[in-house]
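Listed here are the chains, written in short residue letters.
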Amino acid sequence: MNSNPPILEVKNLKASINDNEILKSLDLKIHKGEIHAIMGPNGSGKSTFSKVLAGHPAYKIISGEIIFKGLNIIDLEPEERSHLGLFLAFQYPIEIPGVSNEDFLRLAYNAKQKFYNKPEVDPIEFLEIINQKLQLVEMSAVFLSRNVNEGFSGGEKKRNEILQMILLDSEVSILDETDSGLDIDALKIISNGINTFMNPDKAIILITHYQRLLDYVKPNFVHVMQNGKIIKTGSAELANELEKKGYEWLS
């Protein structure tokens, strides 16, 4: 057991959308240096959990706490959570017509710089920074001049999300089905980016349906969600069991 305080602790979290309670007394502790996979059938609350952590305004928190770096962030805005070091890669990244990827990434980077009273960078300085990060996800600099996610393939959208995570140097990253819709080559590229980014000062939550991502990004813990709570926790081997048996044997 890790004796250090967790970087993220979720206590008795209950949350709803449109008066429909989705998360029901959910508890989770995550320490620096850990990768946690969350698996479970459709409708179990996995994506809701990721959005509630990030502060999505459509969800209402009924009770509980989200302690991040010793601070209860329940009442913080999404951008404040982001600046503190929490990152969410969306299951379905949205397109932003009329906004270039370069401008979007630079504004996000400078917003975090400003939050920490660090100097903002100009476009030329930013290009030097982002070009180093592009190599980690094997993206061409051509993508910087294109509008955010517009006309991107599924794999390119997911790589763009990982690029944002790397650029913002997030301490806890929640990756919501980052592997969905990817061919094996794109999966390997994204997994390599995640593994290169991960270090003992960071933590990652992988929300996934499939074992195959976990063949490339090895989790320390696998959690099974059902009906809005975590019903079982195990090692990476648990994911193999789920692949073979499905979820019914846990019910």
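Above this text you will find the structure in question.
As the structure is a computational prediction, the values presented were derived from the model and not from experiment.

A. The arrangement of the nonpolar core in detail. With 43 residues, the main nonpolar core has I130, I162, M165, L175, I194 and L206 as its most contacted residues. Formed by 29 residues, the second largest nonpolar core is a distinct cluster that contains I7, L26, Y59 and L84.

B. Representation of the sheet that holds strand β9 (residues 172-176) within the structure. If you trace the 6 strands from one edge of the open sheet to the other, you get β6-β9-β10-β3-β11-β12, paired in mixed fashion. The open sheet has two edge strands with one neighbour each: β6 (86-89) and β12 (229-234). Taking each pair of neighbouring strands and ignoring which way they run, the sheet shows an average axis angle of 20°. Taken strand by strand, helix α6 (residues 154-168) contacts β6 and β9, and its axis lies near 170° from that of β6.

C. Inspection of the pattern of salt bridges at higher detail. Per the counting criterion, the structure on display carries 6 salt bridges. When the shortest N-O distance is used, the salt bridge between K29 and E9 registers 4.0 Å. A residue pair is termed long-range when its members are at least 10 positions apart, and K29 in strand β2 (residues 20-30) and E9 in strand β1 (residues 8-17) qualify at 20 residues. Between K202 and D169 there is a salt bridge; the shortest N-O distance is 2.8 Å. On the criterion of sequence distance, the pair formed by K202 in the loop between α7 (184-197) and β10 (203-207) and D169 in the loop between α6 and β9 is long-range, its members being 33 residues apart. On the basis of relative accessibility, which here comes to 42%, the residue D169 falls in the partly exposed class.

D. Up close: the sheet that holds β1. As summarised here, the arrangement of the 4 strands in space is β2-β1-β4-β5, forming an open sheet in which the pairing is antiparallel. Unpaired on one side and paired on the other, β2 and β5 (71-72) mark the two borders of the sheet.

E. Main features of the packing of helix α4 (residues 123-136) against α6. Direction vectors running N to C along α4 and α6 enclose 125°, while the axes themselves pass 10 Å from each other. The angle between α4 and α6 places the two elements in the oblique class. Read as a crossing pair, α4 and α6 show a hand that is right-handed. Facing α4, whose interface residues are F126, I129, I130, K133, L134 and L136, α6 presents L163, I166 and L167.

F. Region of interest: the layout of surface pockets. What the largest pocket holds in volume is close to 690 Å³. Considering the residues around the largest pocket, the lining is formed by 29 residues, among which S82, F87, L88, F90 and Q164 are closest to the centre. Listed by contribution, the elements that provide at least two residues to the lining of the largest pocket are α1 (46-54), α2 (78-84), β6, α3 (101-115) and α6. Its residues assigned to classes, the lining of the largest pocket shows 18 nonpolar, 6 polar and 5 charged.

Here is what the cut-offs are and how they apply
- Residues numbered from 1 in each chain as written.
- Predicted model: local features only at pLDDT ≥ 70, side-chain atom pairs only at ≥ 80, totals over all residues.
- Heavy atoms only, no water.
- Core = buried A, V, L, I, M, F, W, Y, C linked by side-chain atoms within 4.5 Å.
- Buried < 20%, exposed > 50% of the residue type's maximum accessible area, 1.4 Å probe, protein only.
- Pairing = 2+ DSSP bridges.
- Helix = DSSP H or I, 4+ residues; strand = E, 2+ residues; numbered from the N terminus.
- Axes fitted to C-alpha atoms, helices over the stretch in contact; angles between N-to-C directions.
- Contact = heavy atoms within 4.5 Å.
- Salt bridge = Lys/Arg side-chain N within 4 Å of Asp/Glu carboxyl O.
- Parallel < 35°, antiparallel > 145°, perpendicular 65-115°, else oblique.
- Left-handed = near helix turned anticlockwise from the far one by under 90°.
- 1 Å grid on protein atoms, 1.4 Å probe; cavity = no way out; pocket = protein on both sides within 12 Å on 5 of 7 lines; lining within 4 Å.
- Points joined across faces, edges and corners; volume = space filled by probe spheres on them.
- Nonpolar A, V, L, I, M, F, W, Y, C, P; charged D, E, K, R; others polar.

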